[in-house]
Each structure stands twice: as C-alpha cells, then as structure tokens.
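So the chains spell out like this:
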Amino acid sequence: MPTSADNRKLGTFAGVFTPSILTILGLILFLRMGYVLGSGGLGRALLIICLANLISILTSFSLAAIASNLKVKSGGDYYLISRTLGMEFGGAIGIVLFLAQSISIAFYCIGFGEAVASIVFPDIPFFPQLCAALALAMLFILAWLGADWATKFQFLIMTTLVLALISFFTGALQQWSPATLAANWHGNPQNNNFWILFAIFFPAVTGFTQGVSMSGDLRDPGKSLPLGTFLAVGLSFLVYLAVAVIFSGSLPGDTLARDYHAMKRVASWGFLIDAGVIAATLSSALASFLGAPRILQSLASDHIFPFLKPFAKGSGPNNNPRRGILLSLTIAGLTIGLGQLDLIAGIVTMFFLISYGLLNYATYFEAQSQSPSFRPRFRWYHQKISLAGFLACLGVMMAIDLKIGILAIAILFAIYQYLQKTSGPARWADGQRSYQLQQARNNILAAAEEKKHPRDWRPYLLALSDNSERRCQLLNFATWIEGGSGLTAAVHFIHGDGVKMHHLRHQAEQELRGDINHCNSDAFPLVINSSDSNSGLQLLIQSWGIGPMHANTILLNWLEQRPGQAQERHELLYGKNLRQAYLQGCNLIIWSGDEESTTALAEKEGEEKQIDVWWKGDKTSRLMLLLAYLLTRHEEWTGATIRLFALNYDSASTENEEHLIMELEETRIKTVAEIFMEKDREAIISRSSDTSLTFIPFRLHGNLLVDLFGEPVEEILSRLKMTALVLAAEDIDLDAEPEEGGMEKVVAALDHLEHAQKRAHLARKEADKAVEEAHETLAAIEGSGQNFPDDLLLRIEAAREARKSADQALHRASKEEAKSAVASQAVEELEGKTE
C-alpha cells in the first residue's frame, strides 16, 4: 500500500532538489564530458547539451503541470502516467521505468568502479567490476535502511560534489586559452557521430525525475516536485554549459577524447575530482536505488501484473519496499557483469526517452481532453509544450538508432496489448474517459455543422420494455440491427408522483442496468417517470438525443402486457402509443421472438441462416431491407442469406423481374429476389415458416396493428419464428448520391447567388463610373470662365446624360443586389431544410 500522508517526511530540498541535482551532476560530467567535447567539438557538444536539456525542460513543464494537478502518491512517473493514460499504458511504462532505474544503478556503479580503479589498480582486469559490486553492496544497505537514511548520506555527497566543481573551475580557468577553445570547436571529424555522442551524454540529464520517484516520501508533492525539479534542471544546465566552455579551452581535443580522467589534469586539487566522481556516481546510483523499488511497489499495488503482487508489501512505518530493493539489486548485479559503460549508457538513454516521451504525452492527453478537473496549480504551462516534448523524445529515439527505437516501441506496444486483453476492470479513474467525452463533443459539433443526408442515416433506437424477463431478447435484436453503426437506449417507464419516485427511479435504473449487463448489450439505460405512458413517450421522442443525433426508431416487444391489465385496454394503449410515435416521425419495429428460436439460431452455421424481407417497393420495404443488411454485419449473422419476396407486381414477367433486379442493384445489398404471386397470409406463413428471421410490414388501422391484408397481426406472429413487424415513418433513399438528398437545391441556389452577386458588382461598378464622369463634366462647366453659350449648353446636356446613366446603373445595381439577397435567403432556407 502507498505510504500515508502522515509518514511523509521529506521537503523540496531533501526530497526533490538534492536527489535530482546529484544524479544530473554525476558520472557523465566527470568521466565522459571530456570525451564528448574532444570527439564532437565544443560546437556539437553545446548543441548536445542544449538538445538534451531542452527535452528535460519540456518534460519538466509537463511534470510540473500534471504533478500539481494530482495528489502524487508513491510510484513517481509510473503513477502519473497510469492515472492519466490508464492501466495498460501505466503497466507498460511501469516495467520500462523499473528496468531503466535498476540498470541505472549498475551504470553508475560501473562508473564508480572505473574511477576507483584508475586511482588504485588501473591495470588489473575486472577490478572496476569488483569495485562496482562493492559499491552496489554498500548502496543496498542504505536503501534497505530507508529513504531517510539515504537522504542524510546525500548531503555529504553534495558537499563533496561542490568542492570538486570548485577545484575544477579554479584550476581550469588558470589554463584556459582562447586559442585552445577555437581549436576544439570542431573536434575530431573521424569520431564525432552526433547521435552516438548524444546517446552517451543523455543519461547526464535523466536525473531530474528522481524526485518524482520519491513522491511517496514527500510532505507536499504538488508543491515540491515542480519547484525542486526546475531548480535542479536550471542549475545543472548552467553548470554543464560552463564546464563545456572552460574545459574546451583548457586541454587539447585529442587529450579530452582519449583520457576519461582529463578533468583531473586541470583541477587545482586532483583528489577532489576523484572524490567528486566517487560521490557523484554513488549519489546517482543511490537515487536510482531508492526510485526503482518504489516504482515496482506502486506497480504491484495496482494488481496489474499478478506475478508482481508480492512486491506490494513494504516494511516499517515508511512502507520501505525491501522486496523491490532485492530485485533491483539482482538486476543491477547482472548488468555490472557486462562492464561496458558506453553500451549501458545507450540502453539507459532509450529507456528514459520512452518514459519522458510518455510523460509528455500523458500531460498533453490530459490537457487536450479539456476536462474541468485539469486545473494544475502550475500556471506557466501550455499543452503544446508537452506535445513538443513528446515529439522531441520520439525524434531523438529514431535518430539515435532507428531499429532499436522501433523495437523499443514495439515491446511497449506488445505489453500494452497484453494488458488490454488480460487486465480486469480499472481500479482508478484515468484521463481516457475525459478525452473520449471531449472527442465526442468535438465530433458532434462537427457533425452538426454538416448538412443532413440520406447516406448518413443510422438506427438510433428507443427499446421500450417494462418486462425484465423479455428485455434480453429485445436488446439482443437491437444489437443485431444496429449493425455496429447505431445506438440503443433501453427505456423503462414508471408512473407516479411524490418524493418516493426518486428512489423508485433509481431502483428501476439499477435493475435496467443489471439486465443490460446480463445481456451483454451496449444499450444505455434510461428510466422515465411520467404521469402516463402516452405523455412520457411523446416527451421522450422529442427530447432524446443531442445535436444531429435523435431517436428515429421505436423498438418494442409484441404486446407486452402488464399484470392485472385487461387485454382490450392494453391493445388500445399499445396502438395509441405507437400511433403517437409514428406521427412524431419515428419508425416502428415490433419484435416477436423467444429463447427457443434464439437457441436454434446459435446452432446453425452462417450459410444456413435466412432472413426474409417481404417487399412492397415502398419506404417500409426499403427500411426492412436496410435493417436486414445491418443484421448481416453482426457476427452472429455473418454469411446469412437475405431472401426478398416482392409483392408489388401483378405478374412474374421478365420485364418485372428485370425491373426488380435493377431496383435492388441500386441498393448495393446482396439478395436472392423473387416475385411472389400468392398474395395471401397462408402463403406468406408457409414460405417463411422455417426462416431464421422474417421482416414483414404492418399498418396502423386506428389503434390496431394489421398485416398486409388488413387483418390483425397475431396470426402471423404466432406461426412464424423470429419476426420483426416494421412501419417506416421516414423514406430512406438507399441509393442517394452525394449531390442528392436536398443538396442539389442548395448547390443550384449557391450558383445562382454567386451569379447574382457578380452581376450586382458589375452594375455597381458601372454606376460608380457614370457618377464619376458626371461629376467631372459638371466640374468642367463650373470651372469654365469663357462665355460660349452653345458650348455651355452642350456641356450641361452631357452632364445630365451622364447623371441619367449613373442613376440607371445604380438602379440596376440595386435590383441585382436585391436578387442576390433573395438568393442568399433561399440558400439559408434550403440549408435549414436539409438539417
């Protein structure tokens, strides 16, 4: 279990800043900084430092935002990612993070071994590994004692590290030369592969999340994590820049590239550099030794991987994860056996790039969902920062090693897929639902902007049922005819007034939800409290849905009679409610089936199943054919044959058969069609008696349901297996072209509007020109001082003609503008009709 808030002892300095800065200013700074400078040159080294720190800074923004939006518990990065992206992503990244931190222990211990070996016995084989193993044993003891003991040890390390840096800067500044700096700008062209050098350097900046790994031991994670992380990243960035510039001007490039201990050469007191290397490597290893087991403990506590459950148990008042410490010890010990520091550095780089990339993506994901609950206390954040961080991590992974990068992502995806199939119900609320709701909102708004078209029609069903025993059959049929494209609301009406109805409504909704789960249906439960069924149904049809999505079909069981209700009274209410729904534009589907028929259906192969459609060439026939097609899209009906029996022909002539075939071809629905000439009830029953499911049209005669021949439908329903009675209130064009469905009128009106606007523009231009000419003529007359009466009369007449022409042009322009306004209004009206 996670550590309780009362047991958190560490503040910002001890719990976040110290472990972070000591891990960043560690092994790479003292043992590999010179190699990066000498091989790549100062120019590339500065670029590497900036790019690596850019990733850490971008990720720090994401970390600050998400950590200040959640009460961060034990587990650090894993906790943040899993509580945002869900248990599948969380489980996958949890394993990666634990391995990364555990391998990092070995990475830093090997660095410690190299440093000690160079001082004591530089020529003895395997001595660095032996020193690394001894360091691992010592760190294991500190980690076993707990975070409080470990952090006390870190203060001693920080003092040593500060003294080592002072020794370096004071000595290097005395040897610094602008000429040496200029010579080292480009580095060795034979050994300066940028991305290899980047992979070696990048572990230097990975320590900034050490504080997150210690989140379970912090007094106030939401405040300490952002502040401590930014301070550590900012200070270390300045230190690395300063070291790069000073170091490059102190020694020749070949010395920097060849001698891993070159920093010791320029320091004022070389032994302090050795002490700094030892202190830095031990501090970084200790920070990883504290972080890795806590990630594993949090992962185990979430029960994502059953085999990790034993690691959830902690020890002592601070819940120290000692079992996880033992596993980290084992992994680090095996890794030390490799003994290759640069190889391990590349592995660590890939692991951390994956984790940082997902941390950035998790924060972007949470912000992008626009959830009202995303209210980070850290205010200097924008979601594009996280997106940039994610893309930077992904790009650098691919640049370092495309194959390894793809393999790492593939492994992560494989773990994700495994967890998706094997993990049980979610144990916490993550950001996925918020994101899905935001996407639903965006998509509904976008769909509302588009014009309604027959090609967009989908079944939005209101499945009405007050009988729990028959509800499952109805919901199964609803799932079939959705065809993976519609939605169903399972509706239950209750009647009454008073405070007690709130409790009864809640009780009925729980029962309805239980039936939906039992039937394995995707329907949404909806309980309506109204004074009577008729008014409740009318309000339901008018109000159900949002934006462009509204109920278009009513589905119910055949004559679902309530206990104690007279048959005549029930039939009257049944037919009356159906008529009201039909008048409000809803298609009607009456379902008749039983459990025996469903069981028999499951025993048949796909090709053995038949769906009969009794066709009359009207809108109900087209709806039935579309529903039959949607049925075949369901896995239970895959491969079923649709048989269509046409009743709307006087004879089975060749001409009629060709007409029927042509009409059906336009629907693009595969059927076995036949013109049926025996137009009586017995013939229909005989032909469809062995069919798996039959679609038959019906009509409303008053409040009674009658079949094709005007007779009550009971006879047909009682003698067929599964049957769907259908009455269409809307005509669905099964062959609507993209330009049809009302769009052709809009297009024509738009073309007319464009033409009218062009003519109005030209007329206005002519009018303006005529007015301008008239003004020029009048001005010329008024400015003439000569006394030529005849000429003056001619000029006045010309001005009058110009004015007249201008008035006519303005009149034509006004008429064209009026036509344009009328056309624009017509377009708006047509667009409204197509909604």
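Everything in this summary refers to the structure shown in the same document. Everything quoted here is computed from the prediction, not taken from an experiment.

### Points about the pairing of strand 9 (residues 641–646)
Thinking step 1. With five of six residues buried, strand 9 is to be regarded as a mostly interior element.
Thinking step 2. Both strand 8 (residues 610–615) and strand 9 contribute to a ladder of six bridges, which runs parallel. Residue Asp 612 lies in a different strand from strand 9, and its bridge partner there is Arg 643.
Thinking step 3. Viewed along the sheet, the connection from strand 8 through helix 24 (residues 619–632) into strand 9 turns out right-handed.
Thinking step 4. Following the chain from strand 9 across helix 25 (residues 654–665) to the adjacent parallel strand 10 (residues 672–675), one finds a crossover that is right-handed.

### Considering the packing of helix 4 (residues 87–119) against helix 17 (residues 402–422)
Thinking step 1. Relative to each other, helix 4 and helix 17 sit at 135°, their axes nearing to 8 Å. Looking at the two axes, helix 4 sits oblique to helix 17. Seen along the crossing, helix 4 lies across helix 17 with a hand that is right-handed. Across from Met 87, Glu 88, Phe 89, Gly 91, Ala 92, Ile 93 and Val 96 in helix 4, the residues of helix 17 making contact are Leu 412, Ile 415, Tyr 416, Leu 419 and Gln 420.
Thinking step 2. Looking at the contact of helix 4 with helix 17 residue by residue, the class counts come to nine nonpolar, two polar and one charged.

### Here's the deal with the sheet that holds strand 11 (residues 693–697)
Thinking step 1. Taken in spatial order, the ten strands of this open sheet run 3-2-1-6-7-14-11-8-9-10, and their pairing is mixed. Each having just a single partner strand, strand 3 (524–530) and strand 10 make up the two edges of the open sheet. Across the sheet, the mean angle separating the axes of adjacent strands is 20° when strand polarity is ignored.
Thinking step 2. The sheet contact formed by strand 2 (residues 487–495) and strand 3 spans seven bridges and is parallel. Its bridge partner lying in strand 3, His 495 is registered against Ser 530.
Thinking step 3. Of the strands in this sheet, strand 8, strand 9 and strand 10 are in contact with helix 25, which crosses strand 10 at around 145°.

### What about a nonpolar patch on the surface?
Thinking step 1. Together, Val 162, Leu 163, Ile 166, Trp 269 and Phe 271 make up an exposed nonpolar region whose accessible area comes to about 500 Å².
Thinking step 2. The biggest single contributor to the nonpolar patch is helix 6 (residues 147–175), with three residues.
Thinking step 3. Inspection of the secondary structure assignment puts Leu 163 in helix 6.

### Some words on the nonpolar core
Thinking step 1. Membership of the largest hydrophobic core comes to 141 residues, with the highest contact counts inside it found for Phe 30, Phe 201, Tyr 240 and Phe 247.
Thinking step 2. A total of 19 residues in this core trace back to one element, the largest contributor, which is helix 2 (residues 27–67).
Thinking step 3. Dropping the residues within four chain positions of it, Phe 30 is found in contact with Leu 25, Leu 161, Ala 164, Leu 165, Tyr 260, Met 263, Ile 273, Gly 276, Val 277 and Ala 280.
Thinking step 4. With 50 residues, the next largest nonpolar core counts Ile 481, Ile 589, Trp 591 and Leu 630 among its residues.

### Quick notes on unusual backbone geometry
Thinking step 1. Backbone geometry places His 303, a non-glycine residue, at a positive phi of 60°.
Thinking step 2. Structurally, His 303 can be placed in the loop between helix 13 (270–301) and helix 14 (322–336).
Thinking step 3. In this structure, Gln 370 takes a positive phi of about 55° despite not being glycine.
Thinking step 4. When you line up the elements, Gln 370 lands in the loop between helix 15 (341–368) and helix 16 (383–400).
Thinking step 5. Classification of Gln 370 by relative accessible area gives partly exposed; the value is 48%.

### Here's the deal with the environment of Arg 294
Thinking step 1. Within the fold, Arg 294 resides in helix 13.
Thinking step 2. When the C-alpha atoms of Arg 294 and Gly 314 are compared, they prove to be 9.5 Å apart, with 20 residues separating the residues in sequence.

### Some remarks on the packing of aromatic side chains
Thinking step 1. Inspection of every chain in the model, using the stated rule, returns 31 aromatic pairs.
Thinking step 2. Each ring, one from Phe 477 and one from Trp 591, has its centre 4.2 Å from the other, and the planes form 15°; the classification is stacked. Taken together, the residues Phe 477 in helix 19 (residues 468–482) and Trp 591 in strand 7 (residues 587–592) connect sequence positions 114 residues apart.
Thinking step 3. Within the aromatic cluster, the residues linked to one another by ring pairs are Phe 194, Trp 195, Phe 198, Phe 202, Phe 208, Phe 352 and Tyr 356.

### Looking at the state of the cysteines
One covalent bond between the sulfur atoms of two cysteine residues makes up a disulfide.
Thinking step 1. In total, this model carries one disulfide according to the counting rule given.
Thinking step 2. Paired by a disulfide, Cys 472 and Cys 519 hold their sulfur atoms 2.2 Å apart. Here Cys 472, found in helix 19, pairs with Cys 519, found in the loop between helix 20 (500–518) and strand 3; they are 47 residues apart in sequence, far enough to count as distant.
Thinking step 3. The exposure class assigned to Cys 519 is buried, which follows from its relative accessible area of 9%.

### As for the side chain of Ser 60
Thinking step 1. The residue Ser 60 is located in helix 2 in this model.
Thinking step 2. Using a relative accessible area of 1% as the deciding quantity, one classes Ser 60 as buried.

How each quantity is defined
- Residues numbered from 1 in each chain as written.
- Predicted model: local features only at pLDDT ≥ 70, side-chain atom pairs only at ≥ 80, totals over all residues.
- Heavy atoms only, no water.
- Buried < 20%, exposed > 50% of the residue type's maximum accessible area, 1.4 Å probe, protein only.
- Helix = DSSP H or I, 4+ residues; strand = E, 2+ residues; numbered from the N terminus.
- Pairing = 2+ DSSP bridges.
- Right-handed = clockwise from strand over helix to strand, strands pointing away.
- Axes fitted to C-alpha atoms, helices over the stretch in contact; angles between N-to-C directions.
- Parallel < 35°, antiparallel > 145°, perpendicular 65-115°, else oblique.
- Left-handed = near helix turned anticlockwise from the far one by under 90°.
- Contact = heavy atoms within 4.5 Å.
- Nonpolar A, V, L, I, M, F, W, Y, C, P; charged D, E, K, R; others polar.
- Patch = residues over 30% accessible without salt bridge, like charges linked within 9 Å, V, L, I, M, F, W, Y side chains within 5 Å.
- Areas by Shrake-Rupley, 256 points an atom, 1.4 Å probe, with all protein chains shown as cover.
- Salt bridge = Lys/Arg side-chain N within 4 Å of Asp/Glu carboxyl O.
- Core = buried A, V, L, I, M, F, W, Y, C linked by side-chain atoms within 4.5 Å.
- Phe/Tyr/Trp six-rings, centres within 6.5 Å; stacked < 30°, edge-to-face > 60°.
- Disulfide = S-S within 2.5 Å.

These results come straight from atomic positions and should not be treated as a statement about function.
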